[in-house]
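# Analysis of the macromolecular model
Okay, here's what each chain looks like letter by letter:
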2 protein chains.
Amino acid sequence: MLRQTITIKDIARELNISVSTVSRALRDTFDVSPETKHLVLEKAKELKYKPNFNARGLSQGRTNNIGIILPFITNYYFSTVITGIQKIAYEFNYNIILYLTNDSEERESLIMSNLTLSGLDGILISTCASNYDHIHEVIDKGIPVVFFDRTNNLDASKVVQDDYNGAFEATAHLISQGFMNIAHITGPKDQMFTQNRLNGYLNALEHHRIPIRKELIIHNGFSQECGADDLKNLMEETNKPDAIFAVNDRKAIGAMVQLKKLNIQIGRDFGVVGFTNDPICTLITPTLTTVSESAFDIGRIACELLLKHIQKDNLPSTEEILPGELIIRESSIRSTGDLQ
Amino acid sequence: MLRQTITIKDIARELNISVSTVSRALRDTFDVSPETKHLVLEKAKELKYKPNFNARGLSQGRTNNIGIILPFITNYYFSTVITGIQKIAYEFNYNIILYLTNDSEERESLIMSNLTLSGLDGILISTCASNYDHIHEVIDKGIPVVFFDRTNNLDASKVVQDDYNGAFEATAHLISQGFMNIAHITGPKDQMFTQNRLNGYLNALEHHRIPIRKELIIHNGFSQECGADDLKNLMEETNKPDAIFAVNDRKAIGAMVQLKKLNIQIGRDFGVVGFTNDPICTLITPTLTTVSESAFDIGRIACELLLKHIQKDNLPSTEEILPGELIIRESSIRSTGDLQ
DNA sequence: TTGTAGGCGTTATCAC
DNA sequence: GTGATAACGCCTACAA
């Protein structure tokens, strides 16, 4: 344990030149002679010099850290988004700092109010909030923010999947399979992506002149358990649904588990469609029809966008919408009724 | 966009006191009068003062950042470990910086050789390496390191699950169900946890006087696809296995997918046991017997341990082994043969 | 092309 | 109890 820290001073001393020259050589600025630069780089390698990020950050006003704020990482979608973010961040020499809100608005607000420009060059966020004061506060501080997945109506850059069209197609597909009483089990009302998927569902029904039945639309949490509960409640209606479009795969799977318990043949007698394309869709029986989201690309693009905002101060906000794709599997096809 | 940064100087000026007093008051040191402290705290809140971490880190030589280095986050185990780490880190006001190695030793080495004490107070790592030079290098720099899950024989603190006993129990369970030709599909040989699970498997066989057949032990990657491939290869043996103990649930599931294609009745005719207790175990048909790992606790405990090492310079290394638990489900029980 | 000096925001070491 | 002042390591005018 030596804790010896090599600084540019050490290099300067050994080479009998000034620290500013060393600093310039290391940063590859134009105004330093090739020989000096070479000497400095050699010596730096020899001494195993590593820059001190605190010092650099302090003098330059930046840190090369970007923050990611999101509800969870224990699911396919978010962990894949992060992987996409990480790829870009790593390429451009940025570190990512992870903050988990646990889907708590209070927690999210608390985390953000403690963030400073001194600790973070920018933020990527999938917000769970319905009130945006804390986000405004951060933006006002001058910290670049890019939203992904769960956004809002603030003027900021966003990267999302095409929730509306995905939901429209999913619902239209169920209709095309002859399902007439399609329920929608979804999340809290105040989420933007939830609203978009709901609208896709509603417009698909309208478009096919199927009457909308409010009692078939259930707002609840996003978890598998919530999906199971929602289905249970729906099946207690006098006029039961014959299909479900779920806001995500988790809830769809919760519903499937419940349907199996009720001995209802998924596919043949009851259509189920999810959203995300979690790998589990192909493993569960019957396999689950869903709308795929390009989670990795969303992370990648969001990070690229954030880096642009960090580099250029007043870059106008942009909104990127990535198309989804309906992936038809057994859970929504009537002819494969005797699988399960 | 104001980018106005409030510093202790601003507070000092407004209150007509010195910066050192402000600094003391904010840090709650004993030698400052209650009134002054009160005034400072009030003013800090009024001006929305936030400390500059770069400056603090520079003068104190620490950052309140800890690094997590692991292969992936897109699976249940690792994402849950991180969630555990995050909980503790957040409580103690530490940020976590995420590095993904993609299971590449080269990448891991590259990442670590760029880490410095100036950027990180400590490191939590699940290593994919077989050569530990880069890890030694970091430890020699004086950066505290705690290993979790994938460890090695270095003298450092470790937090792992009880791989040996979990594997022993899993194998013994298959034997108790009457399976006699139990294969083991696992990962690369040079991983410690892989070795431990292999040893548990081998000793369980020995203990029940079942001859060990080397051709039933397959080293390959950790993915679901590898599991499917392994099974395919095993079934081409003249003396086929009648059960599999997989090093993790992913591989077990890959094997199950393949068994289904071959129309082999899992449970009744072929036993399968995994390791991890990924939630998918209860969703797949038939449900998968497995050894549960306390992923969240491993993260929690590893982080707590790291913080202790950060606080106390020469704390002796400790090794924490968390017990697993065999969770018996359909895939290993002969009597439920006609599920699937 | 190189060197000098001041500053980034905070903490620590002295005096007072 | 409080206030100067010098670090911490690096960057960046400005001067040479």
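Please read these numbers as outputs of a predicted model, since none were measured by experiment.

### Structural notes on the protein's contact with DNA strand D
The full set close to DNA strand D counts 25 residues, and A:Ile8, A:Tyr49, B:Thr21, B:Arg24 and B:Thr36 are the nearest of them. Taking the atoms of DNA strand D that fall within 4 Å of the protein, sugar and phosphate contribute 66% of them. In this structure, a phosphate oxygen belonging to DNA strand D sits 2.9 Å away from a side-chain N or O atom of A:Ser23. Side-chain polar atom of A:Tyr49 to a phosphate oxygen of DNA strand D: 2.5 Å apart, as the coordinates give it. The set of elements that each furnish at least two residues to the surface near DNA strand D consists of α1 (8-15), α2 (19-26) and α4 (53-60) of chain A together with α2 (19-27) and α4 (53-60) of chain B. Here the element with the most residues in the surface near DNA strand D is α4(A); it accounts for 4 residues. Residues of the surface near DNA strand D, tallied by class, amount to 7 nonpolar, 12 polar and 6 charged.

### Some words on α1(A)
All names here are of chain A. By the burial criterion, the buried members of α1 are Asp10, Ile11, Ala12 and Leu15. Next to the buried residues of α1 lie α2 and α3 (34-46). Capping the start of α1 is the job of one residue whose side-chain oxygen sits 3.1 Å from the backbone nitrogen of Lys9: Thr7. Downstream of α1 by one or two residues, Asn16 has phi in the positive range, about 60 degrees.

### Some thoughts on the relation of the copies chain B and chain A
Screw-axis analysis of chain B against chain A gives a translation of 0.1 Å along the axis, an RMSD of 0.1 Å, and a rotation angle of 180 degrees. With respect to symmetry, the two chain copies, as superposed, fit the operation of a two-fold axis. Most of the interface of chain B is mirrored in chain A: 100% of its interface residues are interface residues there too.

### Topic: the packing of aromatic side chains
One pass over the structure, following the stated rule, counts 8 aromatic pairs over all chains. On the numbers, 5.6 Å between centres and 20 degrees between planes, the contact of A:Phe193 with A:Phe222 is stacked. Of this pair, A:Phe193 sits in helix α9 (residues 192-207) while A:Phe222 is found in the loop between β7 (217-219) and α10 (224-234), placing the two residues 29 residues apart along the sequence. By relative accessible area, A:Phe193 is classed as buried at 6%. Here the aromatic rings of B:Tyr164 and B:Phe168 are separated by 6.3 Å at their centres, their planes lie at 35 degrees, and the arrangement is tilted. Taken as a pair, B:Tyr164 and B:Phe168 lie in helix α8 (residues 163-176) at a separation of 4 residues, close to a single helical turn. Cation over ring: B:Arg334 sits above B:Phe179, and NZ or CZ is 4.2 Å from the ring centre.

### Quick notes on the side chain of A:Asp249
Residues and elements named next belong to chain A. If you trace the backbone, Asp249 turns up in helix α11 (residues 249-261). Nearest to the buried, unbridged Asp249 among oppositely charged side chains is Arg329, at 6.6 Å. One polar contact links the side chain of Asp249 to the main-chain amide nitrogen of Phe275, over a distance of 2.8 Å. Leaving out residues up to four positions away in the same chain, Asp249 has contacts with Gly274, Phe275, Thr276, Asn277, Asp278, Cys281, Leu288 and Thr290.

### Notes on α4(A)
In this structure A:Asn52 caps α4(A), since a side-chain oxygen of it lies 2.8 Å from the backbone nitrogen of A:Asn54. Looking one or two residues beyond α4(A), the residue adopting positive phi is A:Gly61, at roughly 75 degrees.

### A look at the sheet that holds strand β4 (residues 145-148) of chain B
As a general point, the strands of a sheet are linked pairwise by backbone hydrogen bonds and lie either parallel or antiparallel. Taking strand neighbours across the sheet as the criterion, the 12 strands line up as β11(A)-β5(A)-β4(A)-β3(A)-β1(A)-β2(A)-β2(B)-β1(B)-β3(B)-β4(B)-β5(B)-β11(B) in an open arrangement whose pairing is mixed. Each having just a single partner strand, β11 (319-322) of chain A together with β11 (319-322) of chain B make up the two edges of the open sheet. Looking at each pair of strands side by side, their axes are set apart by 20 degrees on average, direction ignored. Set on the sheet, helix α12 (residues 295-311) of chain B makes contact with β1 (65-70), β3 (122-125), β4, β5 (157-161) and β11 of chain B; between it and β5(B) the angle comes to about 175 degrees.

### Digging into the pattern of salt bridges
Residue and element names in this part refer to chain A. For the structure on display, the rule yields 31 salt bridges over all chains. Note that Glu46 and Lys43 form a salt bridge whose closest N and O atoms lie 3.3 Å from each other. With Glu46 and Lys43 both in helix α3, this residue pair falls 3 residues apart, about one helical turn. With a relative accessible area of 54%, Glu46 lands in the exposed category. Under the relative-accessibility criterion, Lys43 is labelled buried at 13%. For the salt bridge of Arg268 with Asp269, the shortest nitrogen-to-oxygen distance reads 3.2 Å. Within the structure, one salt-bridge network assembled from shared partners comprises Glu14, Lys43 and Glu46.

### Remarks on the protein's contact with DNA strand C
In the vicinity of DNA strand C lie 25 residues, with A:Ser20, A:Thr21, A:Arg24, A:Thr36 and B:Tyr49 positioned nearest. The sugar-phosphate share of atoms of DNA strand C within 4 Å of the protein amounts to 66%. A distance of 2.9 Å separates a phosphate oxygen of DNA strand C from a polar atom in the backbone of A:Ser18. Breaking the surface near DNA strand C down by element, the ones donating at least two residues are α2 and α4 of chain A together with α1 (8-15), α2 and α4 of chain B. Among the residues forming the surface near DNA strand C, the class breakdown is 7 nonpolar, 12 polar and 6 charged.

Basis of the calculations
- Residues numbered from 1 in each chain as written.
- Chains lettered and ligands numbered in written order.
- Predicted model: local features only at pLDDT ≥ 70, side-chain atom pairs only at ≥ 80, totals over all residues.
- Heavy atoms only, no water.
- Near = heavy atom within 4 Å.
- Polar contact = N/O pair within 3.5 Å; in protein donor to acceptor, adjacent residues only side chain to side chain.
- Helix = DSSP H or I, 4+ residues; strand = E, 2+ residues; numbered from the N terminus.
- Nonpolar A, V, L, I, M, F, W, Y, C, P; charged D, E, K, R; others polar.
- Buried < 20%, exposed > 50% of the residue type's maximum accessible area, 1.4 Å probe, protein only.
- Contact = heavy atoms within 4.5 Å.
- Least-squares fit on C-alpha atoms with pLDDT ≥ 70 in both.
- Phe/Tyr/Trp six-rings, centres within 6.5 Å; stacked < 30°, edge-to-face > 60°.
- Lys NZ or Arg CZ within 6 Å of the ring centre and 35° of its normal.
- Lys, Arg positive; Asp, Glu negative; His and termini not counted.
- Salt bridge = Lys/Arg side-chain N within 4 Å of Asp/Glu carboxyl O.
- Pairing = 2+ DSSP bridges.
- Axes fitted to C-alpha atoms, helices over the stretch in contact; angles between N-to-C directions.

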